[in-house]
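Read off the chains here:
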Amino acid sequence: MKIKTLTLGIFTALLLLSCGNGNKANEPEANTTTSDKWQEIKPQEIDVNAVKMFADDWMLLSAGKDTSMNMMTIAWGALGEVWGKPTVTIYVSTDRYTYKFLEENEYFTVTAFPEQFRDKLQYLGSVSGRDEDKVKGSGLTPEFTKLGNPIYKEANLAIECKKLYGQQLQKELMPLEQRQWYDEKKLGVHVMYIGEIVNVWKK
């Protein structure tokens, strides 16, 4: 009798192990590595060369929600501190479609990508969301934060910001070279947005 009870216990344990439990469905697949998963970090732990990240590698600026959003590649930006808060500062021309989304939304995100996605950033910086579906055209996979803001599965760094301040640059206060640059480009003068960093994730 004891042998039968022991055998039944072993069988039950093996059955439970093979079936798993209710939490297994939420666990990553076996082939998922740590580098595939977002890890939340503090703003002070962003370990990058900010000049290189913006000017050379480029960032993807996004604003809006899942029902209405837009993104654009940017090379102008900065990481720092304003009013005792960790911040990202970005600059967007009033001619850009993303400008509308920045004005209408309280948050924006900036995301960085591995070099292999350079062509996608090139595409996103050369077409307008007014003319085509840039998300579909880029082939990137949007994900949304708990605050509802877009980041991307393919990115390796995502910074979520709440707007603190925005003001258009004053052309009359610029050096002559910069005033001429706007005239030659026939481009709307950029608006500077300072955003408080509220969340950071890396892979």
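Treat the numbers as computed from the prediction; the structure is a model and nothing was measured.

Caption draft 1: Structural view of the pairing of strand E6 (residues 107-112). With respect to burial, E6 is a largely interior element, 6 of its 6 residues being buried. On E6, burial covers both faces: Tyr107, Thr109 and Thr111 on one face and Phe108, Val110 and Ala112 on the other are all buried. Alignment of strand E2 (residues 59-65) against E6, held across 3 bridges, turns out to be antiparallel. When the bridges of E6 are listed, Leu61 appears paired with Val110. With 6 bridges joining them, E6 and strand E9 (residues 157-168) adopt antiparallel strand pairing. Bridge pairing links Thr109 to Glu160 in E9.

Caption draft 2: Geometry of the packing of aromatic side chains. Per the stated rule, a full pass over the model turns up 7 aromatic pairs. With 6.4 Å between their ring centres and 85° between their planes, Trp83 and Tyr165 make a pair best called edge-to-face. In this pair, Trp83 is assigned in the loop between strand E4 (77-82) and strand E5 (85-93) and Tyr165 in strand E9, connecting sequence segments 82 residues apart. What makes Trp83 exposed here is its relative accessible area of 61%.

Caption draft 3: Quick look at the pairing of E9. One ladder, built from 11 bridges, connects E9 with strand E10 (residues 190-202); its direction is antiparallel. Bridge pairing in E10 places Gln167 opposite Met192.

Caption draft 4: Broad picture of the environment of Val189. Within the secondary structure, Val189 sits in the loop between helix H6 (176-185) and E10. Through-space distance from the C-alpha of Val189 to that of Gln170 is 7.8 Å; in sequence the pair is 19 residues apart. Other than its neighbours up to four places away in sequence, Val189 contacts Val92, Ser93, Thr94, Gln168, Leu169, Lys171, Met174 and Tyr182.

Caption draft 5: Representation of the side chain of Thr145 within the structure. The residue Thr145 is located in the loop between strand E7 (142-144) and strand E8 (150-152) in this model. Its relative accessible area of 11% is what places Thr145 among the buried residues. Ignoring any residue separated from it by four or fewer positions in sequence, one finds Thr145 in contact with Ile151, Glu160 and Trp201.

Caption draft 6: The environment of Ile159, seen in detail. Mapped onto the fold, Ile159 is located in strand E9. Residue Ile159 is classed as buried on the basis of its relative accessible area, which comes to 0%. For the pair formed by Ile159 and Val110, sequence separation is 49 residues and the distance between their alpha carbons is 5.3 Å. Look past the residues within four positions of Ile159 in its chain and what remains in contact with it is Ile46, Leu79, Val88, Phe108, Thr109, Val110, Ile197, Asn199 and Val200.

Caption draft 7: Spotlight on the nonpolar core. Judged by nonpolar contacts, the single largest core of 24 residues is most densely connected at Leu61, Val88, Ile90, Phe108, Val110 and Ile159. Looking at this core, the elements with two or more residues in it are helix H2 (50-56), E2, strand E3 (68-74), E5, helix H3 (97-104), E6, E9 and E10. Counting residues per element, this core draws most heavily on E10, at 4 residues. Setting aside residues up to four positions removed in sequence, Val88 forms contacts with Phe54, Ala78, Leu79, Phe108, Val110, Ile159, Cys161, Tyr193, Ile194, Gly195 and Ile197. Trp58, Tyr123, Leu124 and Leu140 belong to the second-largest nonpolar core, a separate cluster that totals 13 residues.

Caption draft 8: Structural detail: the pattern of salt bridges. What the rule picks out here adds up to 4 salt bridges. Between Glu104 and Lys100 there is a salt bridge, with its nearest N and O atoms 3.3 Å apart. With Glu104 and Lys100 both in helix H3 and 4 residues apart, the pair spans about one turn of that helix. For Glu104, a relative accessible area of 53% puts it in the exposed group. The exposure class of Lys100 is partly exposed, given its relative accessible area of 36%.

Caption draft 9: Local environment of the environment of Phe144. With respect to the helices and strands, Phe144 occurs in strand E7. In the structure, Phe144 is positioned 79 residues away from Lys65 in sequence and 8.0 Å away in space, judged by C-alpha atoms. Setting aside anything within four residues of it in sequence, one finds Phe144 in contact with Lys65, Asp66, Met69, Asn149 and Pro150.

Parameters at a glance
Residues numbered from 1 in each chain as written. Predicted model: local features only at pLDDT ≥ 70, side-chain atom pairs only at ≥ 80, totals over all residues. Heavy atoms only, no water. Buried < 20%, exposed > 50% of the residue type's maximum accessible area, 1.4 Å probe, protein only. Helix = DSSP H or I, 4+ residues; strand = E, 2+ residues; numbered from the N terminus. Pairing = 2+ DSSP bridges. Phe/Tyr/Trp six-rings, centres within 6.5 Å; stacked < 30°, edge-to-face > 60°. Contact = heavy atoms within 4.5 Å. Core = buried A, V, L, I, M, F, W, Y, C linked by side-chain atoms within 4.5 Å. Salt bridge = Lys/Arg side-chain N within 4 Å of Asp/Glu carboxyl O.

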